[in-house]
Amino acid sequence: MTTRDDTPPMLMPFVDLRAQFAEIRAEVMAAIAAVMERQQFIIGPEVERFEQEVAAYVSVGAAIGCASGSDALLLALMALGIGPGDEVITTPFTFFATAAAIARIGAKAVFADIEPRTYNLDPDAIAAAITDSTRAIVAVHLFGLPADMAPILALAGPRSIAVVEDAAQAIGARCGGRRTGALGAAGCFSFYPSKNLGGAGDGGLVTAADAALAERLRMLREHGTRSAYRHELLGLNSRLDEIQAAILRVKLKHLDRWTTQRRLCAERYRTLFADCGLESLVGLPAEPPGREHVYNQFVVRCPRRDELRDFLTAAGIPTQIYYPSPLHLQPAFAGLGYRDGQFPQAERACREVLALPLFPELSEQQQHAVVDAIARFYTGKPPRNAGS
Ligand SMILES: *Cc1c(COP(=O)(O)O)cnc(C)c1O
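Residues numbered from 1 in each chain as written. Predicted model: local features only at pLDDT ≥ 70, side-chain atom pairs only at ≥ 80, totals over all residues. Heavy atoms only, no water.

Draft legend 1. Layout of the layout of surface pockets. If you add up the space inside the largest pocket, you get close to 460 Å³. Forming the walls of the largest pocket are 26 residues, and the residues nearest its centre are Phe-95, Gln-169, Tyr-192, Lys-195 and Tyr-323. When contributions to the lining of the largest pocket are tallied by element, the ones reaching two or more residues are helix 3 (69-79) and helix 4 (96-104). Considering each element in turn, the lining of the largest pocket owes the most residues, 3 residues, to helix 3. Classifying every residue of the lining of the largest pocket gives 11 nonpolar, 12 polar and 3 charged. Both domain 1 (18-252) and domain 2 (255-378) contribute no fewer than three residues apiece to the lining of the largest pocket. Estimated volume of the second largest pocket: approximately 190 Å³. (1 Å grid on protein atoms, 1.4 Å probe; cavity = no way out; pocket = protein on both sides within 12 Å on 5 of 7 lines; lining within 4 Å. Points joined across faces, edges and corners; volume = space filled by probe spheres on them. Helix = DSSP H or I, 4+ residues; strand = E, 2+ residues; numbered from the N terminus. Nonpolar A, V, L, I, M, F, W, Y, C, P; charged D, E, K, R; others polar. Domains from an automatic or database assignment.)

Draft legend 2. Here's a closer look at the packing of helix 3 against helix 7 (residues 211-220). Packing of helix 3 against helix 7 leaves a shortest axis separation of 9 Å and a crossing angle of 125°. Judged by the inter-axis angle, helix 3 sits oblique to helix 7. Crossing of helix 3 against helix 7: the hand is right-handed. Contacts between helix 3 and helix 7 involve Leu-75, Ala-76, Met-78 and Ala-79 from the former and Leu-213, Arg-216, Leu-217 and Leu-220 from the latter. Taken together, the residues of the contact of helix 3 with helix 7 break down into 7 nonpolar, no polar and 1 charged. (Axes fitted to C-alpha atoms, helices over the stretch in contact; angles between N-to-C directions. Parallel < 35°, antiparallel > 145°, perpendicular 65-115°, else oblique. Left-handed = near helix turned anticlockwise from the far one by under 90°. Contact = heavy atoms within 4.5 Å.)

Draft legend 3. Summary view of the nonpolar core. The biggest cluster of nonpolar side chains holds 70 residues, and the ones touching the most others in it are Phe-93, Tyr-119 and Ile-126. For this core, the element with the most residues is helix 3, which contributes 8 residues. Of the residues that make up this core, three or more belong to each of domain 1 (18-252) and domain 2 (255-378). Once residues lying within four places of it in the same chain are set aside, the contact partners of Tyr-119 are Phe-93, Ile-114, Leu-142, Phe-143, Val-299, Val-300, Arg-301, Ala-349 and Val-353. Counting residues in hydrophobic clusters, the runner-up holds 30 residues, among them Ala-266, Leu-278, Leu-312 and Ala-375. (Core = buried A, V, L, I, M, F, W, Y, C linked by side-chain atoms within 4.5 Å. Buried < 20%, exposed > 50% of the residue type's maximum accessible area, 1.4 Å probe, protein only.)

Draft legend 4. Examining empty space enclosed by the protein more closely. The full count for this structure, using the stated rule, is 3 cavities of 30 Å³ or more. Counted as a void, the largest cavity has a volume near 110 Å³. Around the largest cavity sit 15 residues that line it, and Leu-17, Gln-20, Lys-195, Arg-262 and Pro-360 are the ones nearest its centre. Listed by contribution, the elements that provide at least two residues to the lining of the largest cavity are helix 1 (17-38) and helix 8 (242-275). The residue makeup of the lining of the largest cavity, split by class, is 6 nonpolar, 4 polar and 5 charged. Shared between two domains, the lining of the largest cavity holds at least three residues of each, these being domain 1 (18-252) and domain 2 (255-378). Of the volumes computed, that of the second largest cavity is approximately 60 Å³. Lining the second largest cavity, in full, are Arg-117, Thr-118, Tyr-119, Leu-142, Phe-143, Leu-145, Pro-285, Ala-286, His-293, Gln-297 and Val-299. Tallied by class, residues from the lining of the second largest cavity come to 7 nonpolar, 3 polar and 1 charged.

Draft legend 5. Local environment of the pattern of salt bridges. Counting across every chain of the model gives 22 salt bridges. In this structure, the salt-bridge partner of Glu-51 is Arg-218, at a minimum N-O distance of 3.1 Å. You can see Glu-51 sitting in helix 2 (residues 45-58) and its partner Arg-218 sitting in helix 7, a full 167 residues away along the chain. For Glu-51, a relative accessible area of 5% translates into the label buried. Assessed through its relative accessible area of 29%, Arg-218 is described here as partly exposed. The closest approach of N and O atoms between Arg-270 and Glu-267, which form a salt bridge, is 3.4 Å. (Salt bridge = Lys/Arg side-chain N within 4 Å of Asp/Glu carboxyl O.)

Draft legend 6. Local environment of the packing of helix 9 (residues 305-314) against helix 11 (residues 364-379). Close contact between helix 9 and helix 11 brings their axes to 10 Å; oriented N to C, the two are set at 125°. Taken together, the axes of helix 9 and helix 11 are oblique relative to one another. For the element pair helix 9 and helix 11, the recorded crossing hand is right-handed. Listed contacts from helix 11 to Glu-307, Leu-308, Phe-311 and Leu-312 of helix 9 are Val-370, Ala-373, Ile-374, Arg-376, Phe-377 and Tyr-378. Taken together, the residues of the contact of helix 9 with helix 11 sort by class into 8 nonpolar, no polar and 2 charged.

Draft legend 7. Structural view of the site of the ligand. The environment of the ligand is made up of 15 residues, and the closest members are Ser-70, Asp-166, Gln-169, Ser-190 and Lys-195. Taking Gly-69, its main chain carries an N or O atom lying 2.8 Å from an oxygen atom of the ligand. Ser-190 has a polar side-chain atom sitting 2.7 Å from an oxygen atom of the ligand. In this structure, the ligand is accommodated by the largest pocket. Only helix 3 and helix 4 provide two or more residues apiece to the shell around the ligand. At 3 residues, the largest contribution of residues to the shell around the ligand is made by helix 3. (Near = heavy atom within 4 Å. Polar contact = N/O pair within 3.5 Å; in protein donor to acceptor, adjacent residues only side chain to side chain. Sits in = over half its atoms within 2 Å of the grid points.)

This is the structure in structure tokens:
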């Protein structure tokens, strides 16, 4: 097979991890070197300190590091004692891991539709999906915007339904003044490199307000042990490495500054879209009062999305589609028996959303180029030639 490279050079990357590393290179390299000198790689001082620092950052009782955001979800549901016969409500418009964790522990994933403006779970749809078997709700803070937690917690509390936050995309975001991870019974975070706090590989963490729940989480991540070789619970091996924790401790100190830069980029996009009269055509991310967005992604809703995406690619502007298909229509969930048309808002979002480049180091000039290219598409002008 021959490949013909006729796509123009990109004017910017979709995310730029190298720019971030350049800024903190010395700190990161020193942190890695310290771990290498110590030669303690699993559950050592770096993980312990990182857990304390995240718990303080989130303002929550405890934080427990683990191997990935996917495992964080699995561990949280396991620690809450959820399993076969239980129903767990979640959104069909999220990354696969959210619902996979529910199915993995033998519980039944029950989907509820999203609010079209925020892409997060619609509390009315959750209310309609609750049954006598509902044991938990996994609320995803999608793209960095907290879910509408007050009505979700009000639905769950009186029915003894646990609320688990999937905060993989939303570290640092606030809802009603409180940080994500401090709102539900447990909060699940991912340190996948492209998340707002990204490691140099996989990593995750669960927060818990309740000390007994935290203790179960600590045991579950190490095959159910409190002390070596006495296994009280059936857990798994899911730990955060010392090297990852050391790197994440360096990066946590910069997180709020990076978040401020992300929010500034989002504001600039808003201004640029307004300046060229596109705000009524292109649906910009919502930020309802009391909910602070941390923009892991800047996702717009746009007519003729696929054509626009091709046009932008030709103009040297990278974009992504999060997510092209809703979870209730994924082959792996065929056994749940859902059909096309059951969650119209999630299905429509899958056809209309487009994530634009947004990272702390993105320049105003680059953002200008993005919006200019989108304006050209909708006014029928040819793209500017990226190469020249
Ligand atoms: C990234 C992500 C996860 C999974 O995290 P990993 O660390 O990649 O396992 C779960 N849920 C959401 C919403 C995510 O964005």
